[in-house]
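Spelled out from the first residue to the last, the chains are:
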Amino acid sequence: MQWRIILLALVVVGASTIPYVVGWAAQTKAHVFGGFIIDLDDSNSYLAVMQQGMRGDWRFVSLYSPEPQRGIWMYTFYILLGHVVRLTALPPLLVYHSARAVCGILLLVTIHEFARLCLHRRRLAWNALLLASVSSGLGWLREIILPSVPGGVSPPDLWFLDGYTFLAIFTFPHYALAWTLLLAAFGSALSYRRTPKPQCLLLGGGAAFLATALHPTLPVVIGTVVATYGMLLWIADGQFPVRWAVAGAPLVLGGGSMAGYLWSAFNNDPVLESWGHAVMATPAFHHMLWGYGLLIPLAAVGGLDMVRRRNCHGVFLTVWATAALLLGYVPFNMQRRFLEGIHIPISLLAAIGLRRSVLSLAQSRLVQTVAGLGYPRRRAVWLTQSVVIALTAVTNLYLLCSAIVTVGSRFPEFFHSRAEVNTFEWIDNHLTDKDIVLASYGTGNIIPAWTAQRVFVGHWAESAQCPERKRLVAAFFSDTTSDRHRVALLGRYGISHVYFGEREKSLGGFDPSSVSYLREVCTFGEATVYEANWGEDP
């Protein structure tokens, strides 16, 4: 393996780590960095899963709902990271970000190997890796021309983690790992079609199974791509593609078996079943055009060139990108999940399109005139490709700089007060897994990540009936709510403790210290924990 592949991977992953290092460096005695910068709700929920592994569990339960759960085999990756913390006594955030770095490097190396398999040319595979590593859209330009209004939709390349390689590396290690496994599955199938080896079938099926364990919607994408590509081979060759059918079957069976288990588990658990109703809509198509910017026309040129040349692997990339994009707009509440990893085939096709476009430009009269003046044509081609690739990276550079400046200035959303942290530690040391804490949505999102403690509400998907429970919490801390209603809420859900801090004070004028059914058991600064006695008549 070429040293520059590893070097590029280290540079990209290292760049994605800088904002977190700045966050830890910005800590003070009064402010503790929370460890995350983007998508705090989900980031904390993954840390909460690690907490379950830290206490010795292997089956996942949602800590964001008070209902009893049996637990299922899901999020095993994060539970395993929790066991690493338990065995090594390393800080959970250090283990999390170490896994993020390792999975990011593994993904970039796998992208290069997949590009070599599909594109055959070494220089073309290198350009494809560059685009997959750093490219994004024109969100930065959209923000200059048409700035996003509060409550509006900002360009996808600033937040759409499912759709961009760098964002996946920047945030969640299981994204990078899932995409690595997806590439391994597709690569094994393509390799088997070229040279049938049994190990390809085993690797493909196993990779699809594990990828689905990380992202349960991937079998839909895998099945659609395998079937569509098979039909195109049938049409092109005039005979049924037996070898491709054999190659694709383990992918469909491997992913489908895990998806079947998860579907059954979700439908037999009321908490998880309600989780399945969460909405994750794909951004509108015009937002997606801004979000992928220059990659769209370049990928279109590359895809059409591969179809025209009847390049089998190039056609596969075109099928993957097109099928995922179309699936992203089917009427399904989690349609956005079908776009998992779409940035990879788009980047590979864009590398082809970039090369084709630049070579065509090299034949133009202008370039020939410049070459006649002594500037080498080969250098002009390299320079043009480099400029285009650099332009595609501007949004990610903007995102990194914004994150560094924001976290370096101790933006309150990214930091916890020392009083909060001390209170979380008290909760972790004194409460049991039978206790349930009621707090505001924001605090409820953080408590399980730091304590493995169940809360009444705290996550948009994992908390059953989340909008209704957020309303109930707001009513609980309102001074217009009667004590009888508060006690009824505590008793109905078996809530044992109430957290009262700055977020809870902002919800209303209720003073927990003024009622007899709440007894103060812990206070650090502005944060107080009360024990609830909901059997008492207010």
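Residues numbered from 1 in each chain as written. Predicted model: local features only at pLDDT ≥ 70, side-chain atom pairs only at ≥ 80, totals over all residues. Heavy atoms only, no water.

## Re the overall build of the protein
Next up, step 1: Counting its secondary structure elements, the protein contains 24 helices and 7 strands.
Next up, step 2: For a compact globule of 538 residues, the expected C-alpha radius of gyration is about 24 Å, and the protein comes in at 26 Å, within 12% of that figure.
Next up, step 3: Overall, the C-alpha framework of the protein stretches about 90 × 55 × 45 Å when taken along its three principal axes.
Next up, step 4: Taking all 538 residues of the protein together, the buried fraction comes to 55%.
Next up, step 5: Expressed as a percentage of contacts within the protein between residues at least 6 apart in sequence, the contacts between residues at least 24 apart total 73%.
Next up, step 6: Accessible surface, the protein: about 23,000 Å² in total, of which carbon and sulfur atoms supply 64%. (Helix = DSSP H or I, 4+ residues; strand = E, 2+ residues; numbered from the N terminus. Rg over C-alpha atoms; globule rule 2.2 N^0.38 Å. Buried < 20%, exposed > 50% of the residue type's maximum accessible area, 1.4 Å probe, protein only. Contact = heavy atoms within 4.5 Å. Areas by Shrake-Rupley, 256 points an atom, 1.4 Å probe, with all protein chains shown as cover.)

## A closer look at the packing of aromatic side chains
Next up, step 1: Summed over all chains, the structure comprises 33 aromatic pairs.
Next up, step 2: The interplanar angle of 45° and the centroid separation of 5.8 Å between the aromatic rings of Trp159 and Phe160 together place this pair among those described as tilted.
Next up, step 3: Take Trp159: its relative accessible area is 28%, and that puts it in the partly exposed class.
Next up, step 4: Phe160 gets classed as buried once you look at its relative accessible area, which sits at 0%.
Next up, step 5: A centroid spacing of 5.1 Å and a plane angle of 75° characterise the contact between Phe186 and Phe316, whose relative ring orientation is edge-to-face. A residue pair is termed long-range when its members are at least 10 positions apart, and Phe186 in helix α8 (residues 173–194) and Phe316 in helix α15 (residues 312–327) qualify at 130 residues.
Next up, step 6: Against the face of Tyr441 rests Lys470, its NZ or CZ located 4.5 Å from the ring centre.
Next up, step 7: Arg486 extends its terminal NZ or CZ atom over the ring of Phe510, reaching a point 3.7 Å from the ring centre. (Phe/Tyr/Trp six-rings, centres within 6.5 Å; stacked < 30°, edge-to-face > 60°. Lys NZ or Arg CZ within 6 Å of the ring centre and 35° of its normal.)

## Some details on the side chain of Asn44
Next up, step 1: Tracing the sequence through the fold places Asn44 in helix α2 (residues 40–54).
Next up, step 2: A relative accessible area of 6% places Asn44 in the buried class.
Next up, step 3: Among all residues touching Asn44, those that are not within four sequence positions of it are Phe36, Tyr64, Asn445, Ile446 and Ala449.

## Section: the sheet that holds strand β5 (residues 497–500)
Next up, step 1: Read across the sheet, 5 strands follow the order β4-β3-β5-β7-β6 without closing on themselves; strand pairing throughout is mixed. At either margin of the open sheet sits one strand with a lone partner, and together these are β4 (454–455) and β6 (518–524).
Next up, step 2: Note that β5 and strand β7 (residues 527–532) share 4 bridges and pair antiparallel. Bridging from a neighbouring strand, Tyr499 pairs with Val529 of β7.
Next up, step 3: Across the sheet, helix α20 (residues 418–430) touches β5, β6 and β7, and the angle it forms with β6 is around 125°. (Pairing = 2+ DSSP bridges. Axes fitted to C-alpha atoms, helices over the stretch in contact; angles between N-to-C directions.)

## Observations concerning the nonpolar core
Next up, step 1: Counting residues in each nonpolar core, the largest one holds 132 residues, and the members touching the most others are Tyr78, Phe114 and Trp320.
Next up, step 2: The element best represented in this core is helix α4 (residues 92–119), accounting for 14 residues.
Next up, step 3: Not counting residues within four places of it along the chain, the set of residues in contact with Trp320 comprises Phe114, Leu182, Leu183, Phe186, Val221, Val225, Gly341, Ile344 and Pro345.
Next up, step 4: Among the nonpolar cores identified, the runner-up in size contains 23 residues, and Leu472, Leu489, Ile495 and Phe500 belong to it. (Core = buried A, V, L, I, M, F, W, Y, C linked by side-chain atoms within 4.5 Å.)

## Observations concerning the pattern of salt bridges
It is possible for side chains bearing opposite charge to pair when their charged atoms get close.
Next up, step 1: One pass over the structure, following the stated rule, counts 14 salt bridges.
Next up, step 2: For Glu531, the salt bridge goes to Arg519, with nearest N and O atoms at 2.4 Å. Of this pair, Glu531 sits in strand β7 while Arg519 sits in strand β6, and the two are 12 residues apart along the sequence.
Next up, step 3: Using a relative accessible area of 31% as the deciding quantity, one classes Glu531 as partly exposed.
Next up, step 4: Via salt bridges that share partners, Asp162, Arg336, Arg337 and Glu340 belong to a single interconnected network. (Salt bridge = Lys/Arg side-chain N within 4 Å of Asp/Glu carboxyl O.)

## Some thoughts on the pairing of β6
Side-chain direction in a regular strand flips from residue to residue, so the side chains alternate between the two faces of the sheet.
Next up, step 1: As paired strands, β6 and β7 are joined by 6 bridges and run antiparallel to one another. Pairing of Thr523 across the sheet is with Thr528, part of β7.
Next up, step 2: Hairpin connection of β6 to β7: 2 residues between the antiparallel strands, including Gly525 at a positive phi of 60°.

## Re the side chain of Ser133
Next up, step 1: With respect to the helices, strands and loops of the structure, Ser133 is situated in helix α5 (residues 122–134).
Next up, step 2: Ser133 has contacts with Leu8, Val12, Leu108 and Phe166, leaving out every residue within four places of it along the chain.

## A short note on the environment of His286
Next up, step 1: For His286, the position within the fold is in helix α13 (residues 285–292).
Next up, step 2: When the C-alpha atoms of His286 and Val12 are compared, they prove to be 29 Å apart, with 274 residues separating the residues in sequence.

## Considerations on helix α3 (residues 76–88)
Next up, step 1: Here α3 contains 13 residues, and its C-alpha end-to-end distance of 18 Å stays within 8% of the 18 Å for a straight helix at 1.5 Å per residue.
Next up, step 2: Within α3, burial applies to Phe77, Tyr78, Ile79, Leu81, Gly82, His83 and Val85.
Next up, step 3: Buried residues along α3 sit in contact with α2, α4, α8 and α9 (198–214).
Next up, step 4: One or two residues past the end of α3 sits Ala89, with phi positive at roughly 65°. (Expected span 1.5 Å × (residues − 1).)

## A few points about the packing of α8 against α15
Next up, step 1: Contact geometry for α8 and α15: axes closest at 12 Å, N-to-C directions at 145°. Crossing of α8 over α15 shows right-handed handedness. Contacts from Leu182, Leu183, Phe186, Leu190 and Arg193 in α8 reach Cys312, His313, Phe316 and Trp320 in α15.
Next up, step 2: A class-by-class count of the residues in the contact of α8 with α15 yields 7 nonpolar, 1 polar and 1 charged. (Left-handed = near helix turned anticlockwise from the far one by under 90°. Nonpolar A, V, L, I, M, F, W, Y, C, P; charged D, E, K, R; others polar.)

## A closer look at the confidence of the model for the protein
Next up, step 1: For the protein, mean pLDDT is 93; residues scoring 70 or higher make up 95% of the total.
Next up, step 2: Element-level pLDDT for the protein is lowest in helix α17 (residues 365–372), with a mean of 58, against a maximum mean of 98 in α3. (pLDDT = per-residue confidence, 0-100.)

## Things to note about unusual backbone geometry
Next up, step 1: Look at Arg310: it is not a glycine, yet its phi comes out positive at around 55°.
Next up, step 2: Within the element layout of this structure, Arg310 appears in the loop between α14 (295–309) and α15.
Next up, step 3: Residue classification places Arg310 among the exposed positions, given a relative accessible area of 55%.
Next up, step 4: Within the chain, Ala452 stands out as a residue other than glycine whose phi angle is a positive 65°.
Next up, step 5: Within the secondary structure, Ala452 sits in the loop between α21 (441–451) and β4.
Next up, step 6: The exposure class assigned to Ala452 is buried, which follows from its relative accessible area of 9%.

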